[in-house]
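What follows is the residue order along each chain.
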Amino acid sequence: MGCIFCEIINKRVPAKIIHEDEFVIAFEDINPQAPVHTLVIPKKHISTNLDIKREDNGLLGHMFQVANKITKDKGIAERGFRLVMNCNPESGQAVFHIHLHILGGRHMHWPPG
Ligand code: 5GP
Ligand code: ZN
């Protein structure tokens, strides 16, 4: 169906995967915007934040738990980090399979660009 992240989940497209379980994978962003830039994605294809259903609540919580573990493993948990989920064109969403960006390892600016 032409979803690049489903292709990564199915191992048809390579990625530097740092976490995988029954429900999610996490891999390094191909075009990192910070020293740490990791994406956490559900194995279930969900196109945008607006397509998250009540039945996905546990899955979304799990994505945040995995993100927390990654920030601890990478040593940025206490320093600080940013989680971003873009939704639809004006946000800059380019891949329509939801993903939690973990950004860290440098000072994050506010407001974001
Ligand atoms: P979005 O703009 O949709 O929130 O973010 C999509 C992110 O996915 C971007 O940061 C982009 O660099 C990353 N990305 C797009 N295609 C690939 C890919 O094939 N492999 C990896 N590892 N990251 C990708
Ligand atoms: Zn997908």
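Description of the structure in this document.

1. A short note on the site of ligand 1
Reasoning step 1: As a structural note, the neighbourhood of ligand 1 is formed by 17 residues, with Asp-29, Gly-92, Ala-94, His-99 and His-101 the closest of them.
Reasoning step 2: In the model, a nitrogen atom of ligand 1 is placed 2.9 Å from a nitrogen or oxygen of the Glu-28 main chain.
Reasoning step 3: In this structure, Asp-29 approaches ligand 1 through a side-chain N or O atom, which is 2.5 Å from an oxygen atom.
Reasoning step 4: Considering ligand 1 on its own, with 520 Å² of exposed area, one finds that the protein chains cover 82% of that surface.
Reasoning step 5: At the level of elements, helix H1 (4–9), strand S2 (24–28) and strand S3 (36–42) are the ones that each hand at least two residues to the shell around ligand 1.
Reasoning step 6: The biggest single contributor to the shell around ligand 1 is H1, with three residues.
Reasoning step 7: Considering only residue class, the shell around ligand 1 consists of eight nonpolar, seven polar and two charged.

2. Considerations on the environment of Gly-105
Reasoning step 1: Looking at the secondary structure, you find Gly-105 in the segment after strand S5 (100–104).
Reasoning step 2: For Gly-105, a relative accessible area of 21% puts it in the partly exposed group.
Reasoning step 3: Linking Gly-105 and Ser-91, residues 14 residues apart in sequence, is a C-alpha distance of 23 Å.

3. Comments concerning the coordination of the zinc ion (ligand 2)
Reasoning step 1: Surrounding the zinc ion (ligand 2) are the protein donor atoms Cys-3 (SG), Cys-6 (SG), His-45 (ND1) and His-97 (ND1), at 2.0 to 2.3 Å.
Reasoning step 2: Every donor counted, the four donor atoms about the zinc ion (ligand 2) form angles of 102 to 118° at the centre, which fits tetrahedral coordination.

4. Notes on helix H2 (residues 57–73)
Reasoning step 1: An ideal rise of 1.5 Å per residue puts 24 Å on 17 residues; H2 measures up with 25 Å between its terminal C-alpha atoms.
Reasoning step 2: Along its buried surface, H2 packs onto strand S1 (17–20), S2, S3, strand S4 (81–84) and S5.
Reasoning step 3: Of the residues trailing H2, Gly-75 is marked for its positive phi of about 75°.

5. Considering the pattern of salt bridges
Reasoning step 1: Taken as a whole, this structure holds seven salt bridges when the rule is applied.
Reasoning step 2: Glu-55 serves as the salt-bridge partner of Lys-44, at 3.6 Å between the closest nitrogen and oxygen. Residue Lys-44 is found in the loop between S3 and H2, and its partner Glu-55 is found in the loop between S3 and H2; the two are separated by eleven residues along the sequence.
Reasoning step 3: Given a relative accessible area of 36%, Lys-44 falls into the partly exposed group.
Reasoning step 4: For Glu-55, a relative accessible area of 68% gives the class exposed.
Reasoning step 5: Each member of the salt-bridge network shares a partner with another, and the members are Lys-11, Glu-20 and Lys-43.

6. Observations regarding the packing of aromatic side chains
Here the distance between the centres and the angle between the planes together describe a pair of aromatic rings.
Reasoning step 1: Applying the stated rule across the entire model yields one aromatic pair.
Reasoning step 2: On the basis of an interplanar angle of 80° and a centroid distance of 5.3 Å, the ring pair of Phe-5 and Phe-27 is categorised as edge-to-face. Note that Phe-5 is positioned in helix H1 and Phe-27 in strand S2, a separation of 22 residues in sequence.
Reasoning step 3: We classify Phe-5 as buried; its relative accessible area is 7%.

Calculation criteria
Residues numbered from 1 in each chain as written. Chains lettered and ligands numbered in written order. Predicted model: local features only at pLDDT ≥ 70, side-chain atom pairs only at ≥ 80, totals over all residues. Heavy atoms only, no water. Near = heavy atom within 4 Å. Polar contact = N/O pair within 3.5 Å; in protein donor to acceptor, adjacent residues only side chain to side chain. Areas by Shrake-Rupley, 256 points an atom, 1.4 Å probe, with all protein chains shown as cover. Helix = DSSP H or I, 4+ residues; strand = E, 2+ residues; numbered from the N terminus. Nonpolar A, V, L, I, M, F, W, Y, C, P; charged D, E, K, R; others polar. Buried < 20%, exposed > 50% of the residue type's maximum accessible area, 1.4 Å probe, protein only. Donors = N, O, S within 2.8 Å, 3.2 Å for Na, K, Ca; no water. Tetrahedral: all angles 85-135°; square planar, octahedral: opposite > 155°, others 65-115°. Expected span 1.5 Å × (residues − 1). Contact = heavy atoms within 4.5 Å. Salt bridge = Lys/Arg side-chain N within 4 Å of Asp/Glu carboxyl O. Phe/Tyr/Trp six-rings, centres within 6.5 Å; stacked < 30°, edge-to-face > 60°.

In short, the description is geometric, and any link to function would need to be established separately.
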